[in-house]
Amino acid sequence: MSKAAAALTRESSAFQKQALRILLVEDDAADRELILRELGKGPFQISSEAAQTPEEFRRQVKTSPPDVILSDYNLGTWKGTEALEILREEGVDIPLILV
């Protein structure tokens, strides 16, 4: 491989988006779509799962821990702060951002 080709390969690799796995705790489908659309504009390759109930949230945190959790504060029958309590109960250290 020529020096120019090697430099081009390194340069294109630098522009690859870093993978980021997100767990969205959101009960509104339109809000989930809006959040994902905006995150897609950033420097990350986003993959996401959604949880709408405390049971779904606990299961996903245990079976497939994300890199970060984005949670609505008011989720109808429960609150985003309860998601933080579940994280503490499970003993996992995952950043949680209340949206």
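Details of the structure are given in the entry above.
For every chain, the first residue of the written sequence is number 1, and numbering continues from 1 along that sequence. Given that the model is predicted, a residue must reach a pLDDT of at least 70 before its local features are reported, and side-chain atom pairs must reach 80 or more before they are shown or counted; all residues, however, enter totals for whole chains, interfaces and linings. As a convention, hydrogens and water are excluded, and side-chain values are obtained from all of the structure's heavy atoms.

(A) Broad picture of the pattern of salt bridges. Here, a salt bridge means any side-chain nitrogen of Lys or Arg that lies within 4 Å of a carboxyl oxygen of Asp or Glu. Under the defined criterion, the tally for this structure stands at 4 salt bridges. We note a salt bridge from glutamate 38 to lysine 41, for which the minimum N-O separation is 3.0 Å. Assessed through its relative accessible area of 40%, glutamate 38 is described here as partly exposed. Classification of residues uses two cut-offs on accessible area relative to the type maximum, computed with a 1.4 Å probe and protein chains only: under 20% is buried, over 50% is exposed, and between them is partly exposed. Lysine 41 gets classed as exposed once you look at its relative accessible area, which sits at 61%.

(B) Quick look at the nonpolar core. Ranked by size, the top nonpolar core spans 12 residues in total: Leu23, Val25, Ala51, Phe57, Val61, Ile69, Leu75, Trp78, Ala83, Ile86, Leu87 and Ile94. Of all elements in the fold, only β1 (18-25), α3 (54-63) and α4 (80-90) reach the threshold of two or more residues within this core. If one sorts the elements of this core by residue count, α4 sits on top with 3 residues. The contact criterion used is simple: two residues touch if any of their non-hydrogen atoms lie within 4.5 Å. For valine 25, the contacting residues outside a window of four places in its chain are Ala51, Phe57, Ile69, Leu70, Ser71, Asp72, Leu75 and Trp78. Among buried residues, the Ala, Val, Leu, Ile, Met, Phe, Trp, Tyr and Cys ones that are joined through side-chain atoms within 4.5 Å form a nonpolar core. In this structure, Leu20, Ile22, Leu24 and Ile35 belong to the second largest nonpolar core, which totals 6 residues. Here a helix means four or more residues in a row that DSSP labels H or I, a strand means two or more in a row labelled E, and each is numbered from the N terminus.

(C) Quick peek at the sheet that holds β1. If you trace the 4 strands from one edge of the open sheet to the other, you get β2-β1-β3-β4, paired in parallel fashion. Edge strands, defined here as strands with exactly one partner in the open sheet, are β2 (44-51) and β4 (96-98). Looking at each pair of strands side by side, their axes are set apart by 25° on average, direction ignored. For two strands to pair, DSSP has to find at least two bridges joining them. Every axis in this analysis is a line fitted to C-alpha atoms, fitted for helices over the stretch in contact. Angles between the N-to-C directions lie between 0 and 180 degrees.

(D) Spotlight on the side chain of glutamine 60. Of note, glutamine 60 is situated in helix α3. Excluding residues within four positions of it along the chain, glutamine 60 makes contact with Leu23, Glu49, Ala50 and Pro65.

(E) Here's a closer look at the pairing of β1. Bridge analysis of β1 against β2 gives 8 bridges, and the strand direction is parallel. Residue pairing for β2: isoleucine 22 is matched across the bridge by serine 48. On the question of chirality, the crossover connecting β1 to the parallel β2 by way of helix α2 (residues 29-39) is right-handed. Examined bridge by bridge, β1 and strand β3 (residues 68-71) share 4 bridges and lie parallel to one another. Within β3, the residue paired with isoleucine 22 across the bridge is valine 68. Assignment of crossover handedness uses the view with strands pointing away from the viewer, where a clockwise path from the first strand over the helix to the second indicates a right-handed crossover.

(F) The arrangement of α4 in detail. Those residues of α4 that sit buried are Gly80, Ala83, Ile86 and Leu87. One side of α4 holds all its buried residues, which, seen down the axis, span an arc of 100°. Seen from the open side of α4, the exposed residues pointing more than 90 degrees away from its buried face are Arg88 and Glu89. Looking at the buried side of α4, the elements it contacts are α3, β3 and β4. After α4 finishes, the residue glycine 91 shows a positive phi value of roughly 70°. The directions from the helix axis to the C-beta atoms form the arc being described.

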